[in-house]
Amino acid sequence: MSQLWTDVTIGSLTLALIVALIWRDRSLQKQLAECRALIDSLTEGQSIHQEGDAERFKRSQYFARIGTWDWEVDTDKLYWSDAIYGMFGFKIGEVTPSYALFCSCVHPDDRVKVRAGELRCLETGENHDEEYRVVWPDGSIRWLRETGNVVKNEHDATIKMMGVVRDITEEKASASYLQHLAHYDPLTGLPNRLVLEERLSAALEHARLSATRVALVFVDLNGFKAINDHYGHAAGDRVLVTTATRLKKILRSTDTVARIGGDEFVVILQGLPQGNSLQDEARSICQKIFIELAPPVTIGNDQRHIGSSLGVAVFPDHAPSMDRLIHIADLAMYEAKRSGNNQYRLGNISPIRVHSE
């Protein structure tokens, strides 16, 4: 029940963060659209002459953290509004804007893409819309989003590009964090069920091509509820984090350990040879896990030993598909759990006692 409340709390916080980000993005998009509309009016030969328009223009830049730019394509002369200097890591008036300066600030890996987008805009008249990184003088990296379009003279010849640029570093960081939450357990940092299934599917495909085995091990902690009930949720979290850290120690670079909920973990071991005895392979794997999890966990002034139950299924010996392999390993783990502490079961083979307190 305590884990359920923990999962509910994490889920609620995640949902609240998503809602806040959506609201913020819509607000910024509205202000950006307002500013772009004013830019469009300039490219059509109008000017911001009314006091209300000017004030609205400044307000849009302030709240949306955007700046305006103006590039004369024949002379490479570049105009930046005050806000843009800070987006490139400069103080207002510290440098003289130029297209060469702009290019030197763009991250080397993004320069070709940005240049291609600008040339496409100049050649076709299509709106320019690009996200790219800039490198500040201190070496830090920021993300910007640049939009613009062309301005033509009375002879329909392109004379300049005008547009807006906005710092989207925080948005990129938020999106990356949400992406992480969608794929990793926020407590232990381990992959979640979604990533587990993706990696297991890839491991099985590799095993088919290389004629090797994949071992899937379900790990369930014994007595975890008692720890939570007696010492509180913080102690339970410490046990889970410690278990995750210990399980990662036995892995090779090609292996995976994931937390799929509560006190259940899953280990994927791939690239195992076909010739070895299944019983010997399972015994070797489970001994390593039991030994790694054997040391007590410090909880307050107490030292508590946390037992575990392991269920092992091996591809292709036990099942030809991912879903069936997961099902067999899960059943094997529950069979081991019914048989006592610190035991494992391999498929339909009787549980074997390996290690106990």
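Everything below is about the structure printed above this text.
Parameters and conventions
- Residues numbered from 1 in each chain as written.
- Predicted model: local features only at pLDDT ≥ 70, side-chain atom pairs only at ≥ 80, totals over all residues.
- Heavy atoms only, no water.
- Salt bridge = Lys/Arg side-chain N within 4 Å of Asp/Glu carboxyl O.
- Helix = DSSP H or I, 4+ residues; strand = E, 2+ residues; numbered from the N terminus.
- Buried < 20%, exposed > 50% of the residue type's maximum accessible area, 1.4 Å probe, protein only.
- Core = buried A, V, L, I, M, F, W, Y, C linked by side-chain atoms within 4.5 Å.
- Contact = heavy atoms within 4.5 Å.
- Polar contact = N/O pair within 3.5 Å; in protein donor to acceptor, adjacent residues only side chain to side chain.
- 1 Å grid on protein atoms, 1.4 Å probe; cavity = no way out; pocket = protein on both sides within 12 Å on 5 of 7 lines; lining within 4 Å.
- Points joined across faces, edges and corners; volume = space filled by probe spheres on them.
- Nonpolar A, V, L, I, M, F, W, Y, C, P; charged D, E, K, R; others polar.
- Pairing = 2+ DSSP bridges.
- Phe/Tyr/Trp six-rings, centres within 6.5 Å; stacked < 30°, edge-to-face > 60°.
- Lys NZ or Arg CZ within 6 Å of the ring centre and 35° of its normal.

Focus on the pattern of salt bridges
Right, on to step 1. Here the structure, examined in full by the defined rule, presents 16 salt bridges.
Right, on to step 2. For the salt bridge of Asp280 with Arg283, the shortest nitrogen-to-oxygen distance reads 2.9 Å. Taken together, the positions of Asp280 and Arg283, both in helix H10 (residues 278-293) and 3 residues apart, correspond to about one turn of that helix.
Right, on to step 3. Residue classification places Arg283 among the partly exposed positions, given a relative accessible area of 32%.
Right, on to step 4. Through salt bridges with shared partners, a single ionic network connects Glu335, Arg338 and Arg345.

Here's the deal with the nonpolar core
Generally speaking, a soluble globular protein has its nonpolar side chains buried in company with each other.
Right, on to step 1. Val217, Val239, Phe265, Leu269 and Leu310 are the most contacted members of the largest nonpolar core, which has 33 residues in total.
Right, on to step 2. Mapped by element, the contributors of at least two residues to this core are strand E6 (213-222), helix H8 (224-231), helix H9 (233-249), strand E8 (264-272), H10, strand E9 (297-299), strand E11 (307-315) and strand E12 (343-346).
Right, on to step 3. No other element matches H10, which puts 7 residues into this core.
Right, on to step 4. Non-local contacts of Phe265, meaning those with residues more than four positions away in its chain, are made with Leu190, Val217, Phe218, Val219, Leu221, Leu240, Thr243, Ala244, Leu247, Ala258 and Arg259.
Right, on to step 5. Of all hydrophobic cores here, the second largest spans 24 residues; its members include Val73, Val106, Leu144 and Met161.

Remarks on the side chain of Thr256
Right, on to step 1. Its location among the elements puts Thr256 in strand E7 (residues 256-261).
Right, on to step 2. Given a relative accessible area of 6%, Thr256 falls into the buried group.
Right, on to step 3. At 3.5 Å, the side chain of Thr256 forms a polar contact with the side chain of Arg199.
Right, on to step 4. Not counting residues up to four positions away in its chain, the partners in contact with Thr256 are Pro191, Arg199, Leu251, Val266, Val267 and Ile268.

A word on empty space enclosed by the protein
Right, on to step 1. The final tally for this structure, using the stated rule, is 4 cavities of 30 Å³ or more.
Right, on to step 2. Counted as a void, the largest cavity has a volume near 110 Å³.
Right, on to step 3. As for the largest cavity, its lining consists of 13 residues, of which Trp69, Leu78, Trp80, Phe102 and Glu146 are closest to the centre.
Right, on to step 4. Elements supplying a minimum of two residues to the lining of the largest cavity: strand E1 (66-72), strand E2 (77-80), helix H4 (99-105) and strand E5 (158-167).
Right, on to step 5. One number sums up the size of the second largest cavity: a volume of about 50 Å³.
Right, on to step 6. Sorting elements by how many residues they give to the lining of the second largest cavity places H9 first, with 3 residues.
Right, on to step 7. Each residue belonging to the lining of the second largest cavity can be placed in one class, and the counts come to 4 nonpolar, 2 polar and 1 charged.

Here we look at the pairing of E5
Right, on to step 1. Burial within E5 is extensive, with 8 of its 10 residues counted as buried.
Right, on to step 2. In this sheet, E5 lies alongside E1 in antiparallel orientation, the contact comprising 7 bridges. When the sheet's bridge partners are listed, Glu72 is paired in E5 with Lys160.
Right, on to step 3. Relative to E5, strand E4 (residues 141-152) runs antiparallel, the two sharing 9 bridges. Note that in E5 the partner of Leu144 across the bridge is Asp167.
Right, on to step 4. Between E4 and E5, which pair antiparallel and follow one another directly, the connecting turn spans 5 residues, one of which, Asp156, has a positive phi of 65°.

Things to note about the packing of aromatic side chains
Right, on to step 1. Here the structure, examined in full by the defined rule, presents 6 aromatic pairs.
Right, on to step 2. Of the aromatic side chains, those joined through ring pairs into one cluster are Trp71, Trp80, Tyr85, Phe88, Tyr99, Phe102 and Tyr132.
Right, on to step 3. Over the ring of Trp143 we find Lys172, and its NZ or CZ is 4.4 Å from the ring centre.

What to know about the pairing of E8
Right, on to step 1. The buried fraction of E8 is high, at 8 of 9 residues.
Right, on to step 2. By the bridge criterion, 8 bridges tie E6 to E8 in an arrangement that is antiparallel. Within the sheet, the bridge partner assigned to Val217 lies in E8 and is Val267.
Right, on to step 3. For E7 and E8, the ladder comprises 5 bridges, and the chain directions are antiparallel. Note on E8: the bridge partner recorded for Ala258 is Val266.
Right, on to step 4. Between the end of E7 and the start of E8, which pair antiparallel, lie 2 residues, with Gly262 showing a positive phi angle near 55°.

Focus: unusual backbone geometry
Right, on to step 1. Looking along the chain, the bond that leaves Phe315 and enters Pro316 is cis, with omega of 5°.
Right, on to step 2. Here Pro316 is to be found in the loop between E11 and helix H11 (322-338).
Right, on to step 3. A positive phi angle is found at Asp156, which is not glycine, with a value near 65°.
Right, on to step 4. Following the sequence through the fold, Asp156 ends up in the loop between E4 and E5.
Right, on to step 5. Here Asp156 falls in the exposed class, since its relative accessible area comes to 55%.
Right, on to step 6. Phi is positive for Asn342, which is not a glycine, with a value near 55°.
Right, on to step 7. In this structure, Asn342 sits in the loop between H11 and E12.
Right, on to step 8. Judged by its relative accessible area of 5%, Asn342 is buried.

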